Structures are given as structure tokens and as C-alpha cells.
Amino acid sequence: MYFLLILSLKSILSSVIGSSFYNWFQGTTMGIWFQKQVDRFMEYFALKYSLELMKKDTKFRKQYPLQAERLDALEEDLNTLWEIHIKEINKHLSKNTKK
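Residues numbered from 1 in each chain as written. Predicted model: local features only at pLDDT ≥ 70, side-chain atom pairs only at ≥ 80, totals over all residues. Heavy atoms only, no water.

Undergrad: Sorry, what's going on with the overall build of the protein chain here?
TA: On a plain count of helices and strands, the protein chain comes out with four helices and zero strands. The C-alpha atoms of the protein chain give a radius of gyration of 23 Å, which is well past the 13 Å a tight globule of 99 residues would have. The principal-axis extents of the C-alpha atoms in the protein chain amount to approximately 70 × 45 × 35 Å. Of all 99 residues assigned to the protein chain, the portion counted as buried reaches 3%. Carbon and sulfur atoms make up 66% of the accessible area of the protein chain, which amounts to about 9,800 Å² in all. Positive and negative side-chain charges of the protein chain, numbering 15 and 11 respectively, have mean locations separated by a distance of 6 Å. (Helix = DSSP H or I, 4+ residues; strand = E, 2+ residues; numbered from the N terminus. Rg over C-alpha atoms; globule rule 2.2 N^0.38 Å. Buried < 20%, exposed > 50% of the residue type's maximum accessible area, 1.4 Å probe, protein only. Areas by Shrake-Rupley, 256 points an atom, 1.4 Å probe, with all protein chains shown as cover. Lys, Arg positive; Asp, Glu negative; His and termini not counted. Charge placed at Lys NZ, Arg CZ, Asp CG, Glu CD.)

Undergrad: Teacher, can you tell me more about a nonpolar patch on the surface here?
TA: On the surface, Met30, Trp33, Phe34, Val38, Phe41, Met42, Tyr44, Phe45 and Tyr49 cluster together to form a nonpolar patch covering roughly 950 Å² of accessible area. Structurally, the position occupied by methionine 30 is in helix α2 (residues 29–48). (Patch = residues over 30% accessible without salt bridge, like charges linked within 9 Å, V, L, I, M, F, W, Y side chains within 5 Å. Salt bridge = Lys/Arg side-chain N within 4 Å of Asp/Glu carboxyl O.)

Undergrad: I'm lost on the pattern of salt bridges in this one. Help?
TA: If charged atoms from side chains of opposite charge come close, those side chains can pair. All chains considered together, the criterion is met by two salt bridges. A salt bridge links arginine 61 to aspartate 72; the nearest nitrogen and oxygen atoms lie 2.9 Å apart. Linking arginine 61 in helix α3 (residues 53–63) with aspartate 72 in helix α4 (residues 65–98), this pair joins segments that are eleven residues apart in sequence. Aspartate 72 gets classed as partly exposed once you look at its relative accessible area, which sits at 33%.

Undergrad: Could you clarify how one ought to interpret the packing of aromatic side chains in this entry?
TA: What characterises a pair of aromatic rings is the spacing of the ring centres plus the angle enclosed by the ring planes. Per the counting criterion, the structure on display carries six aromatic pairs. With 5.4 Å between their ring centres and 15° between their planes, phenylalanine 21 and phenylalanine 25 make a pair best called stacked. Taken together, the positions of phenylalanine 21 and phenylalanine 25, both in helix α1 (residues 2–25) and four residues apart, correspond to about one turn of that helix. For phenylalanine 25, a relative accessible area of 16% puts it in the buried group. (Phe/Tyr/Trp six-rings, centres within 6.5 Å; stacked < 30°, edge-to-face > 60°.)

Below, the structure is given as C-alpha cells:
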């Protein structure tokens, strides 16, 4: 019984410490370099083994058509809001530069 408790606590503590370390590490120069290397490796891996995300997307759309439609509608709404937000920022910037 104590073994399972100790194992669980060790696992939780390790994950908390690891997460805290990564949050600090990702902002350092070495962390940025490391993340770029990981991203580059993952892109190489995906190209080498022809991993296609579109297959997963198509499968999802076949299995869950209503959710796919809702996601498309949400993305469209988000794009509309983003365009409005950009227009407002440009208006604000043009007012400030004219003064």
C-alpha cells in the first residue's frame, strides 16, 4: 500500500518539477534552440514517413459531421472578428500617426 502511495507522489512531484523546469527553460536561448531542433526533427519525421494529417481530418469529418460544421463556423467567426480587430488597430494607428 505504501509503495503505491510513494510511487504516486513521486510521479506527481516529478511532473510538477518537470513542468516548472520547462516553463523556465523555454524562454532561454538554449530552450529556444532546442525547441527549433525538435520542431525541425518532427517535420523531417512527418515527411519521411508520409504522415498525413488530412487523413485524420477526413476521418473526423466523416465520423462527426455536426461537430465539423460547428468548428468550421467557429473558425469563420474567428476570422471575421480578427479582420474587424485588425481594421480597428489600423484605424487607431492612423489616427495617432496623423497627430
